[in-house]
Number of protein chains: 2
Amino acid sequence: MHITLEADYAVRIVHCLARNARRMDAKSISDETGVTLRFSLKILRKLVSAGIIKSYKGTQGGYEVARPLDEITLNDIIETVEGPFTLSRCLKGDYSCGQNCGEGCDCVFRGIYEEISQEVQQKLSAVKFSDLVKNK
Amino acid sequence: MHITLEADYAVRIVHCLARNARRMDAKSISDETGVTLRFSLKILRKLVSAGIIKSYKGTQGGYEVARPLDEITLNDIIETVEGPFTLSRCLKGDYSCGQNCGEGCDCVFRGIYEEISQEVQQKLSAVKFSDLVKNK
DNA sequence: GCTATAGAGGACTATTATAGTATACTTTTG
DNA sequence: CAAAAGTATACTATAATAGTCCTCTATAGC
């Protein structure tokens, strides 16, 4: 019913990198966001794979945002961690509503759920980190 | 991240009552929706408490919708089962985001999450069962 | 006023998803 | 080549969801 803590953390981690505007190692990120180091590392890796942040190994290594802040949206982060926002399981490939919700059953609700889900995705995509950092 | 199965079932159960437009006992509802009898009973009770449907005990007992179909919305059902839709835990009383997401920390994201959540609630409130039954 | 039918209430259990940790490995810089 | 960092994956714990069971109460019809 709500986004996971992990996604919430991911958002805060990117926000942390965005507002500090410098390379930071996992420890500093963990300290500043309050997310445990290990869990931070896990989330950071996902963000790296998604191309939202870049990582550097070795001494002086750490993480930086990978692109301009106005090209990173809330939706990017959330989708990276938990896939596209969907209001109902109807909208995920595997799930089939029992049956009988009408004849033929391409389910009365599916269309509505889909429409709302897409609007949420759009809203989340409209929120850029450049704005989030400015009026902090 | 998505509404629970229970809420989904609740929606289907009310839809079932709405389109049949007659008193039905739990067994028939269970058969028609594919939700197990026991779980149906549990959900039905919640819907009764919320005043969305009425129940009748004894022989010939069962359930009926409690008000006109254009006064029952998708949001009514979902809210009954799992409370108002909230995109993030930020929006629930108990939860506090770690800290440090800016000074003072009434958290940058809270406003955005709240706005989107309210829009979802409005969208769900706009869907009346009278419409859902018509164009099944 | 009994009896069968149907719902109410709440405690309980199982399953799954989320949250978080540990361990072993690789890369980079000085 | 050693220390500092990130990578990868497997594992465990916790909490939320999903679903069941048992006992009780009300009502309609005989």
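What you are looking at is a predicted structure, and each value in this text was computed from that prediction instead of being measured.

(A) Representation of the overall build of chain A. For chain A, the helix and strand inventory stands at 6 helices and 2 strands. The order of α-helices and β-strands along chain A, N terminus first, is α-α-α-β-β-α-α-α. The 136 residues of chain A split such that 48% are buried. Taking the intrachain contacts of chain A between residues at least 6 apart in sequence as the baseline, contacts between residues at least 24 apart amount to 61%. Carbon together with sulfur atoms contributes 47% to the accessible area of chain A, which is approximately 6600 Å² in total.

(B) The pattern of salt bridges, seen in detail. Under the definition given, this model contains 14 salt bridges over all chains. Arg23(A) is the partner of Glu64(A) in a salt bridge, and the nearest nitrogen-oxygen pair spans 3.0 Å. Here Glu64(A), found in strand E2 (residues 62-65), pairs with Arg23(A), found in the loop between helix H1 (5-20) and helix H2 (26-33); they are 41 residues apart in sequence, far enough to count as distant. Residue class for Arg23(A) comes out partly exposed when judged on its relative accessible area of 33%. Of the charged contacts, one joins Lys123(B) and Glu119(A) as a salt bridge, the two residues approaching to 3.1 Å between their closest N and O atoms.

(C) Broad picture of the confidence of the model for chain A. Overall, the predicted model of chain A reaches an average pLDDT of 88, with 85% of residues at or above 70. Confidence over residues 98-105 of chain A falls short of pLDDT 50; this stretch has 14 contacts with residues more than four positions distant or in other chains.

(D) Up close: the side chain of Glu6(A). All names here are of chain A. Relative to the helices and strands, Glu6 is located in helix H1. Here Glu6 falls in the buried class, since its relative accessible area comes to 16%. Residues within four places of Glu6 in sequence aside, it is in contact with Phe39, Ile43, Lys46 and Val81.

(E) Focus on the protein's contact with DNA strand D. Every one of the 23 residues lining DNA strand D counts as a neighbour, but Arg45(A), Ser55(A), Arg89(A), Thr36(B) and Lys42(B) are closest to it. Restricting attention to atoms of DNA strand D within 4 Å of the protein, one finds that 63% of them are sugar or phosphate atoms. Contact between DNA strand D and Tyr9(B): a phosphate oxygen at 3.2 Å from a side-chain N or O atom of the residue. Here Thr36(B) contributes a side-chain N or O atom positioned 2.7 Å from a phosphate oxygen of DNA strand D. When contributions to the surface near DNA strand D are tallied by element, the ones reaching two or more residues are strand E1 (53-56) and E2 of chain A together with helix H1 (5-20) and helix H3 (37-49) of chain B. In terms of residue class, the surface near DNA strand D is built from 6 nonpolar, 9 polar and 8 charged.

Cut-offs applied
- Residues numbered from 1 in each chain as written.
- Chains lettered and ligands numbered in written order.
- Predicted model: local features only at pLDDT ≥ 70, side-chain atom pairs only at ≥ 80, totals over all residues.
- Heavy atoms only, no water.
- Helix = DSSP H or I, 4+ residues; strand = E, 2+ residues; numbered from the N terminus.
- Buried < 20%, exposed > 50% of the residue type's maximum accessible area, 1.4 Å probe, protein only.
- Contact = heavy atoms within 4.5 Å.
- Areas by Shrake-Rupley, 256 points an atom, 1.4 Å probe, with all protein chains shown as cover.
- Salt bridge = Lys/Arg side-chain N within 4 Å of Asp/Glu carboxyl O.
- pLDDT = per-residue confidence, 0-100.
- Near = heavy atom within 4 Å.
- Polar contact = N/O pair within 3.5 Å; in protein donor to acceptor, adjacent residues only side chain to side chain.
- Nonpolar A, V, L, I, M, F, W, Y, C, P; charged D, E, K, R; others polar.

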